[in-house]
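Chain and residue survey
Chain by chain, the residues run as shown.
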Amino acid sequence: MGERTRRLAVAVSLTVLDAVVAVHYGGPVWRAFAGIIWSRLLLLLLAALWATSLLNLWVRAYYDLQQLFRYRDAALSSCAEILPAELVEDRDV
């Protein structure tokens, strides 16, 4: 369980840090390479690579959380199935 929640924490923190860096430095870098077309294409390629890797991180965190919730639901349902049988055994007749 710890690793799954840690992946979510990494995904959130990395997204926030990337957004802060992109907002703060994105405009000046884009304007600095305004005259060179191939450098802007390279920046767009790097941005696409960044977005793809961030998407991959979020997909892994999402599936880990889904698996965690399924595991908890299965554990709760198995406890609910065992409970009535135990109550029947302890009844006074």
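Please refer to the structure higher up on the page.
The text that follows walks through the structure, step by step, so that each part is easy to find. (Residues numbered from 1 in each chain as written. Predicted model: local features only at pLDDT ≥ 70, side-chain atom pairs only at ≥ 80, totals over all residues. Heavy atoms only, no water.)

Scanning all chains against the criterion turns up one aromatic pair. Measuring from centroid to centroid gives 5.4 Å for Tyr 62 and Tyr 63, while their planes differ by 65 degrees, and the two rings are edge-to-face. For Tyr 62, a relative accessible area of 47% puts it in the partly exposed group. (Phe/Tyr/Trp six-rings, centres within 6.5 Å; stacked < 30°, edge-to-face > 60°. Buried < 20%, exposed > 50% of the residue type's maximum accessible area, 1.4 Å probe, protein only.)

Attention now goes to a nonpolar patch on the surface. Judged by side-chain polarity, Val 21, Tyr 25, Val 29, Phe 33, Ile 36, Trp 38, Leu 42, Leu 45, Leu 46 and Leu 49 come together as a nonpolar surface patch covering roughly 1000 Å² of accessible area. For the nonpolar patch, the secondary structure elements donating two or more residues are helix 1 (2-32) and helix 2 (37-89). Sorting elements by how many residues they give to the nonpolar patch places helix 2 first, with five residues. Here Phe 33 is to be found in the loop between helix 1 and helix 2. Look at Phe 33 and you get partly exposed, because its relative accessible area is 34%. (Patch = residues over 30% accessible without salt bridge, like charges linked within 9 Å, V, L, I, M, F, W, Y side chains within 5 Å. Areas by Shrake-Rupley, 256 points an atom, 1.4 Å probe, with all protein chains shown as cover. Salt bridge = Lys/Arg side-chain N within 4 Å of Asp/Glu carboxyl O. Helix = DSSP H or I, 4+ residues; strand = E, 2+ residues; numbered from the N terminus.)

If a probe as big as a water molecule is rolled over the atoms, it shows which places are left empty. In this structure, the largest pocket encloses a volume near 350 Å³. Taken together, Asp 18, Val 21, Ala 22, Tyr 25, Gly 26, Val 29, Trp 30, Leu 43, Leu 46, Ala 47 and Trp 50 make up the lining of the largest pocket. Put simply, the parts of the chain that give the lining of the largest pocket at least two residues each are helix 1 and helix 2. When residues in the lining of the largest pocket are grouped by element, the largest group, seven residues, is from helix 1. Partitioning the lining of the largest pocket into residue classes produces nine nonpolar, one polar and one charged. (1 Å grid on protein atoms, 1.4 Å probe; cavity = no way out; pocket = protein on both sides within 12 Å on 5 of 7 lines; lining within 4 Å. Points joined across faces, edges and corners; volume = space filled by probe spheres on them. Nonpolar A, V, L, I, M, F, W, Y, C, P; charged D, E, K, R; others polar.)

Another point: the pattern of salt bridges. Taken as a whole, this structure holds one salt bridge when the rule is applied. Its salt-bridge partner being Arg 7, residue Asp 64 comes within 2.8 Å of it at the nearest N-O pair. Of this pair, Asp 64 sits in helix 2 while Arg 7 sits in helix 1, and the two are 57 residues apart along the sequence. When its relative accessible area of 30% is taken as the criterion, Arg 7 is described as partly exposed.

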